[in-house]
Amino acid sequence: MNKFARKNFKIFFKSKGEPMLWLTGGGLVISLLMITLLLLLVLKNGMGNYWPGGIVYFKLKNGEAIMGEITKTEYYKLPDDKINTLNDEDKKRVLKNNGKEKRFLVRVGNFELSNKHFEWVSLHEISKQDYPAEAIVLERLEWGRFYGFPKEFIVDGRPVASDLKGILKNYDRYHNDVRKLWRKKVSIEKGEIGKLNHKIEKERLKLKEAKLELEKAYLSKNNEKINEAERRYKKISLEFEEFNKLTKNEYDKLINEINKLKANYEKYGIKFLTADGKEKEVKLYEIVRGYTANTLSFGNKMGIYLNRWIEFLTDEPREANSEGGVFPAIFGTVVMTVLMSLFVVPFGVVAAIYMKEYAKSGKIISILRIAINNLAGVPSIVYGVFGLGFFAYTLGASIDQLFYAAKLPNPTFGTGGILWSSLTLALLTLPVVIVSTEEAINAVPNSLREGSYACGATKWQTVRHIVLPRAMPGIMTGFILAMSRGAGEVAPLMLVGAVKLAPEMPVDSIYPFVHLERSFMHLGFHIYDLGFQSQNSDAAIPMVYTTTLLLIGIVVLLNVVAIYIRNRLRKKFIGSVF
Amino acid sequence: MTELLEELKNNEKKTVYDPLLKDENIIIDIKDFNLYYGNKQALFKINMQIPKGKVTALIGPSGCGKSTLLRSINRLNDLLDYVRVEGDILLDGESVYDRSVDLSELRKKMGMVAQKPNPFPMSIYDNVVYPLKINGVKKKSILDEVCERSLSYAGLWDEVKDRLKENAFGLSGGQQQRLCIARAIAPEPEVILMDEPCSALDPIATYKIEELILSLREKFTVVIVTHNMQQAARVSDFTAFMYMGFLVEYGNTINIFKKPKVKDTEDYITGRFG
Ligand SMILES: Nc1ncnc2c1ncn2[C@@H]1O[C@H](COP(=O)(O)OP(=O)(O)O)[C@@H](O)[C@H]1O
Ligand SMILES: [Mg+2]
């Protein structure tokens, strides 16, 4: 026997440590595997959601017919008494499958006709299955999807085509223009009328302010003051009436324009026949997208797929967020994250500099450090409660009292908004920034500090010119961590300003352009809303994945940019080690 | 060895001085200087006069307090709040440890070169003019001139003149150390303090730095800590031998190396020490 051969397991275990290698390596592999699986799940479901599927037509044995897209296929246990009622062929198949039967979840759409978005169909219920070439799927502004056979293309109530080819030709010819008209109408409603409403609101506030002044003057019982206030109030009232007349005119003009547009685009429509034999006319402007799903080439499908992604990224949500795009949520998330970084980074860095460079290291600083580290472990919802209670209800309410008294009892800053949200998240991520800045400052070699002092520099000059630049990459790391955490946080935002549907964006073209008091949409909250608050959950779940994918993508993108900057800083300020 | 220490501690024996020092013009006068790190005393009753315009070397086994003494001169030890000093150090007859002393003003008069090259995280140009910039010198013409003069003096100008705006970390170790020397002489100090400036460098870079030290002698007073006997012998005019916080022998380098008066100095120089 070789004299170096292993003697017994115990010694082998202690001396070689190979089992430890397996243990630690295994731990790593399991963690990686879980993360990879999670990403794959999100990727598969998120990416696949928008791929256009075919339309299936089921003729059922009870005489009914349903049509739609199959979204899920699964096996389920059929009760024994049910199996006995099946015909021989089905019975044999089910028994062969250990009593399990196959069933399909079909997205049948046509909600306004059938009150259903989805329907389960078991294999034994089907008498005939078909993929009709003339079946069309529509994505609509309202009521979700529509599945049907086109019958007539209608202009001004008269049919102009009644064969598939003719209808499609007319669709191609008019659809884009009609949609353009419709979009113009929406932009007038949102843009010009919105602006007008803002103006009216502003004037009304002026009037109200004058009235408040007048009331105050009456209370003071000072005749001079009362006279002054009365004169002012009268003047503003007159101005307001004048203004009202003017805006009424403007308003009427806009309404007129809208009506004209409406008349122009509402006359086009397509009459459809559904699988269960009902007739339904769909207006052309309501159709976001329509296609004959069963005759698409790969190129057509790719086009629809990309088109849907573009819509998702750039459009506003429809149908309780389960359709359309998430642009307001993307925008809100990014604006909120940027604001949060603007608050948290300077504060965190300054605090860390004080603790590391100025304060004498001792018990108090140690306790402070422990406290800060523990702050990172406080459940984030607590921050939300604090943000709501302190920022919105205390600070915001005071601001309202002082500057927005005329709007009360409607709160301006006294409720959740993007400012309070970003401040709350800044508080939440402060420990991360402080801790990583401290670490970065720790890593600055003392020889550099001494070199600077030896040149006659003061403490602040040393911090400013030597320590901070050198610690910058580490500070960036903290910033990255804070950003990732902040962008993915949902719970506190539910309390301090994220909403399901924000009527206005936090940044827009109305003066003063940045509206910090507004509530906003946030991707994280959007995911929560889709997944748990949605009426049409079967349609919403795929959107959850797609939105999650997008959120991950945005966080990764922000990270990549920050890491790029950090690496450049590192090259500049730390260089190679000699 | 222990005998000597006992004697020094009990104040029976004094540092042995070489009489030649008497003829020199004194710039730094260290008087009965004690230094404590917390409770631990690191320097004992140092009395030492450093001549102007000469190179003075501090030698001795590691941990004997050479760096501590050097850093006492420009008060870098003050950065540690647990350091306490007794006695005084005079620069040009003025107390360095006086309450009214402005540390920035003081350190402007003393450039320092550290053991490991410590270029700042900025460009070569900014490194050299850093001491001037923090003192409020803004005029570009002055900065440019100082930069060129200092770099030329440090023998680095020809090597870096085309990449002054580049990061200082791109230089080799020897170049970085010469850059640090250029930075130290930029504000035209009176004294340059060097703490083992060659210990992190290869022989060729070391040779260049030694040449540079010899040329610095014309304009500046140099105090250099070294653990390399040959280096001390090559570059210094005066040598001080320290041991365990005491100044044992101090005098003309030639005398110290040729015929040391104290046996321990001889043992240390010849490598029989310990
Ligand atoms: N920052 C410090 N804190 C506490 N003790 C120190 C410190 N620096 C040096 N010492 C101690 O002072 C003595 C002298 O150190 P030093 O001056 O660095 O020696 P040398 O430079 O001669 O090697 C050593 O015993 C060392 O342990
Ligand atoms: Mg030393």
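Residues numbered from 1 in each chain as written. Chains lettered and ligands numbered in written order. Predicted model: local features only at pLDDT ≥ 70, side-chain atom pairs only at ≥ 80, totals over all residues. Heavy atoms only, no water.

As annotated in an unreviewed UniProt entry, chain B carries the name Phosphate ABC transporter ATP-binding protein and is attributed to Calditerrivibrio nitroreducens.

The name recorded for chain A in an unreviewed UniProt entry is Phosphate transport system permease protein PstA, from Calditerrivibrio nitroreducens. Of chain A, the UniProt comment under Sequence similarities (unreviewed entry) reads exactly: "Belongs to the binding-protein-dependent transport system permease family. CysTW subfamily." As its UniProt record puts it under Subcellular location (unreviewed entry), chain A is described as follows: "Cell membrane". (UniProt positions renumbered as here; feature names shortened; annotations may be inferred.)

Asks: How would you summarise the sheet that holds strand β1 (residues 16–17) of chain B if you had to cite specific residues and measurements?
Replies: Residues and elements named next belong to chain B. If you walk across this open sheet you meet the seven strands as β1-β11-β10-β4-β9-β8-β7, and the pairing is mixed. Only two strands of the sheet have a single neighbouring strand rather than two, namely β1 and β7 (110–113). With five bridges connecting them, strand β8 (residues 191–195) and strand β9 (residues 221–225) associate as parallel partners. Looking at the pairing, Asp195 lines up with Val225 of β9. Of the strands in this sheet, β4 (55–59), β10 (238–243) and β11 (246–252) are in contact with helix α11 (residues 263–270), which crosses β10 at around 100°. (Pairing = 2+ DSSP bridges. Helix = DSSP H or I, 4+ residues; strand = E, 2+ residues; numbered from the N terminus. Contact = heavy atoms within 4.5 Å. Axes fitted to C-alpha atoms, helices over the stretch in contact; angles between N-to-C directions.)

Asks: Now, about the domain arrangement of chain A: what can you tell me, with residues and values included?
Replies: Residues and elements named next belong to chain A. Once the domains are mapped, chain A shows domain 1 (49–151 + 279–314), domain 2 (158–266) and domain 3 (324–572). Here the C-alpha centre of domain 3 lies 37 Å away from the C-alpha centre of domain 2. Summed over both sides, the interface of domain 2 with domain 3 buries roughly 620 Å², with 63% coming from carbon and sulfur. Linking domain 2 with domain 3 are zero salt bridges, by the criterion used here. Taken together, the residues of the side of domain 2 that touches domain 3 break down into two nonpolar, one polar and three charged. (Domains from an automatic or database assignment. Buried area = accessible area lost by both parts, 1.4 Å probe. Salt bridge = Lys/Arg side-chain N within 4 Å of Asp/Glu carboxyl O. Nonpolar A, V, L, I, M, F, W, Y, C, P; charged D, E, K, R; others polar.)

Asks: Describe the UniProt feature "domain: ABC transporter" (unreviewed entry) in chain B, listing the residues and the values that go with them.
Replies: UniProt feature "domain: ABC transporter" (unreviewed entry): in the numbering of this structure it lies at residues 28–269 of chain B. Secondary structure over residues 28–269 of chain B splits into 37% helix and 27% strand, and the C-alpha atoms at its two ends are 25 Å apart.

Asks: Quick rundown of helix α6 (residues 164–220) of chain A? Include the residues and the values.
Replies: All names here are of chain A. For α6, which comprises 57 residues, the first-to-last C-alpha distance of 79 Å matches the rise-based estimate of 84 Å (1.5 Å per residue) to within 8%. The axis of α6 is deflected most strongly, by about 40°, at Tyr174. One or two positions beyond α6, positive phi appears at Lys221, with a value near 60°. (Expected span 1.5 Å × (residues − 1). Bend = angle between axes of the 7 residues up to and from the residue.)

Asks: Requested: an account of the state of the cysteines, with residues and values cited.
Replies: The full count for this structure, using the stated rule, is zero disulfides over all chains. The thiol of Cys455(A) is unpaired, and the distance to the nearest cysteine sulfur, on Cys180(B), comes to 8.8 Å. Cysteine Cys64(B) shares no disulfide, and the gap to the nearest cysteine sulfur, in Cys198(B), comes to 18 Å. With a relative accessible area of 2%, Cys64(B) lands in the buried category. (Disulfide = S-S within 2.5 Å. Buried < 20%, exposed > 50% of the residue type's maximum accessible area, 1.4 Å probe, protein only.)

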